[in-house]
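# Examination of the molecular architecture
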Amino acid sequence: MGLPSRGAAAAGLGPESAVVRPGPPVVVPNPIPTLPPEGAAPGSSRVPGMVLKAFFPTCCASADSGLLLGRWVPEQSSAVVLAVAHFPFVPIQVRMLLARVQQAGRVGLAVLGTWCHHRQEPEESLGHFLEGLGAIFSHEPWLQLCRGRDGWSWSCKATRRQTPPSAATVGEDQIMLILYDQRKVLLSRLHPPAVLPDRQAGDAPASAGGLAAVFDTVARSEALFRSDRFDGGPVRLSHWQSEGVEASILVELAKWASGPVCLLLASLLSLISAASACRVFGLWPLSFLWSKLSTCGQLRHRLEQLSLVFSTQKARSPAQLMRKANVLVSVLLDVTLGLLLLSWLHRQDRIGQLADALIPVADHVAEELQHLLQWLMGAPAGLKMNRALDQVLGRFFLYHIHLWISYIHLMSPFIERILWHVGLLACLGLTVALSVLSDTLALLTFHIYCFYVYGARLYRLKTHGLSALWRLFRGKKWNVLRQRVDSCSYDLDQLFVGTLLFTVLLFLLPTTALYYLVFTLLRLLVVTVQGLIHLLVDLINSLPLYSLGLRLCRPYRLAAGVKFRVLEREPGRPLRLLMQINPLPYSRVVNTYRLPSCGCHPQHSWGSLCRRLFFGELIYPWRQRGDKQD
């Protein structure tokens, strides 16, 4: 019977403990009074209805008749249907199930109404039976969703029970039926869009809040989807996993084995971190190398990545889980590329070939520098230089080149062994190998760096001297304490000596500036190559590969919003829409999930760079923004 029988009532079983089964129609008083027609008596009243939004999962469209379980969102006038409870059931068990889900997900669930699928049951019998369930499960409003035998015709009705002093009246609301894919909504993460250019600042949060309520309700009700039709529980449900809970033996084994492995690796990484923080590494030579070499910085960054991946702490939010997955995929890809590079280097003795080609390349670079210095010691581009200073600077730099060539030839027997041992670092990742390449380039061009430093120091000394002597001619001086220019009176001897020094520095400035310009261009060339290497390293470290793979293979996992497609819009029938997920654009995926990199190079503007080069300030590729300048 649709309602508890008299025998059940006599035995002391109320509506909460009686088993509800669909049966033949019986003559029972309708617990929900019908609406009076338009020409009813003046004493009758009718409550005007409003438009309600009912989100119904597509997986339940072919389910048998039963109860609609879900959440009512009064702020949005929306009903989010999560599952359909089928007959037979005990009402108290349905309430206990909803209480367990509410306690697990902290979301208020209730019986929203009834679902009728006219596939087997007669329409008249099922209609009277479903109307009687409103007396057991009371909810405002009470939804009644029905699907016809043809599968295309849908009927939706929402009723409200009111008890005014005169007579009970019911107001019927109009329903907008919105079908949604429950699995995609559950697995996706909604990214609320920013304020659109064609909307006001207060319009975006309203729509985003309504969608967030739907996504949050489905995500918090995951405990409801853990039972399928094979469990044999007291309440049989239909949802996206009702045909069988998705699982994988390999995934379960990986979860079971990941705990001890992560604990062991986390302990090992903590020991390595403690050893690297030892006071021995804080001494001057080691601390300088640890802070300046790119390889040390990349190894420190790799240690942080591994500590994050093998951490035993569970991710507290989807953002932390996504970051850990991005770091894991980035490390795996980096190590894979490093192993491929290592296998390529050790195949066909390419390390020996590289060591044999390194000495001729260094000799060729040294010869080109010698030709350049000999050209500067003459009349470069027809310019008249100070011959004495030109010869002194040229011989000074030629002597340094001679020392560098001698050093390279002295190290030539050990270069192949050094390259073989350094190449083993590629097993830690391609980024470590690229950092080693950047440091090797810096070591091989150390003489160019020395030439640049000598020229920059000499040029800066002369420019500072000229600026100080120019202030002397104007009767000014630089106040070191107040950091400003003050007036000052000079005697005749000071002005005479200042004039001589100003004349000497002014005529020697073109020769110094020419050497500084040439070696600065060479230094900028080396820094540009190192910058390209570091850009590639930062790209590998910061690119969210896992998020990009999700966007490519499963775009619904990263939702930027939703769009609606009209399925049915006919007079006399409810408006039926299909909610589809709009994926997040690739550019926003990269900006949202971009990983922090180990890059410590300042982002100088072109104006700042030109100013530093004009005044002879040194350009350090490793210089931080807050470091002290020389």
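Only a predicted model underlies this, so the values are computations on that prediction, with no experimental measurement involved.

Quick look at the overall build of the protein now. The secondary structure content of the protein amounts to 17 helices and 13 strands. Of all 630 residues assigned to the protein, the portion counted as buried reaches 39%. Expressed as a percentage of contacts within the protein between residues at least 6 apart in sequence, the contacts between residues at least 24 apart total 72%. In the form shown here, the protein has an accessible surface area of approximately 36,200 Å², with 63% of it arising from carbon and sulfur atoms.

By secondary structure assignment, the location of His534 is in helix H14 (residues 492–542). Side-chain polar atoms of His534 contact the side chain of Ser438, separated by 3.2 Å.

Let us now look at the pairing of strand S2 (residues 66–73). For S2, the buried fraction is high: six of the eight residues fall into the buried class. Sheet analysis places S2 next to strand S3 (residues 78–86), joined by eight bridges and oriented antiparallel. By the bridge assignment, Leu68 is partnered in S3 with Val84. Pairing analysis gives five bridges linking S2 to strand S4 (residues 110–117), with the strands arranged antiparallel. Among the inter-strand pairings, Leu67 is bridged to a residue of S4, identified as Thr114.

What follows is about a nonpolar patch on the surface. Together, Phe496, Val497, Leu500 and Leu501 make up an exposed nonpolar region whose accessible area comes to about 390 Å². Along the polypeptide, Leu501 turns up in helix H14.

Under the UniProt annotation, the feature "transmembrane region" (unreviewed entry) is placed at residues 327–345, 392–410, 422–454, 495–518 and 524–548. Taken as a whole, residues 392–410 contains 100% helix and 0% strand, while its terminal C-alpha atoms sit 27 Å from one another.

Packing of helix H11 (residues 387–423) against helix H13 (residues 446–473) brings their axes to within 10 Å, and their N-to-C directions diverge by 155°. Accordingly, the angle class assigned to the pair H11 and H13 is roughly antiparallel. The two elements H11 and H13 cross, and the hand of that crossing is right-handed. Along the contact surface, H11 presents Leu389, Leu393, Phe396, Phe397, His400, Ile401 and Trp404, while H13 presents Phe446, His447, Phe451, Tyr454, Leu458 and Lys462. Tallied by class, the residues present in the contact of H11 with H13 amount to ten nonpolar, two polar and one charged.

For Leu186, the position within the fold is in helix H4 (residues 182–187). Sequence-wise, Leu186 and Arg557 are 371 residues apart; in three dimensions their C-alpha atoms are separated by 8.8 Å. The contact partners of Leu186, leaving out residues within four places of it in the chain, are Val218, Ala219, Phe225 and Trp240.

Compared with an ideal rise of 1.5 Å per residue, which puts 15 residues at 21 Å, helix H2 (residues 91–105) spans 21 Å between its outermost C-alpha atoms and is within 8% of the ideal. Here H2 has its buried residues at Pro91, Val94, Leu97, Leu98, Val101 and Gly105. Take H2 and look down its axis: the buried residues cluster within an arc of 120°, on one side only. For H2, exposure combined with an orientation more than 90 degrees from the buried face picks out Gln103 and Ala104. Looking one or two residues beyond H2, the residue adopting positive phi is Arg106, at roughly 55°.

Packing of helix H9 (residues 318–346) against helix H15 (residues 545–553) leaves a shortest axis separation of 7 Å and a crossing angle of 100°. Comparing their axes, H15 and H9 come out roughly perpendicular. Contact with H9, carried on its side by Met322, Ala325, Asn326, Val329, Ser330 and Leu333, involves Leu545, Tyr546, Ser547 and Leu550 of H15 and no other residues of that element. In the contact of H9 with H15, the residues fall into seven nonpolar, three polar and no charged.

Let us look at the environment of Ile415. If you trace the backbone, Ile415 turns up in helix H11. Between the C-alpha atom of Ile415 and that of Ile351, which follows or precedes it by 64 residues, the distance is 9.8 Å.

Rules behind the numbers
Residues numbered from 1 in each chain as written. Predicted model: local features only at pLDDT ≥ 70, side-chain atom pairs only at ≥ 80, totals over all residues. Heavy atoms only, no water. Helix = DSSP H or I, 4+ residues; strand = E, 2+ residues; numbered from the N terminus. Buried < 20%, exposed > 50% of the residue type's maximum accessible area, 1.4 Å probe, protein only. Contact = heavy atoms within 4.5 Å. Areas by Shrake-Rupley, 256 points an atom, 1.4 Å probe, with all protein chains shown as cover. Polar contact = N/O pair within 3.5 Å; in protein donor to acceptor, adjacent residues only side chain to side chain. Pairing = 2+ DSSP bridges. Patch = residues over 30% accessible without salt bridge, like charges linked within 9 Å, V, L, I, M, F, W, Y side chains within 5 Å. Salt bridge = Lys/Arg side-chain N within 4 Å of Asp/Glu carboxyl O. UniProt positions renumbered as here; feature names shortened; annotations may be inferred. Axes fitted to C-alpha atoms, helices over the stretch in contact; angles between N-to-C directions. Parallel < 35°, antiparallel > 145°, perpendicular 65-115°, else oblique. Left-handed = near helix turned anticlockwise from the far one by under 90°. Nonpolar A, V, L, I, M, F, W, Y, C, P; charged D, E, K, R; others polar. Expected span 1.5 Å × (residues − 1). Arc of directions from axis to C-beta.

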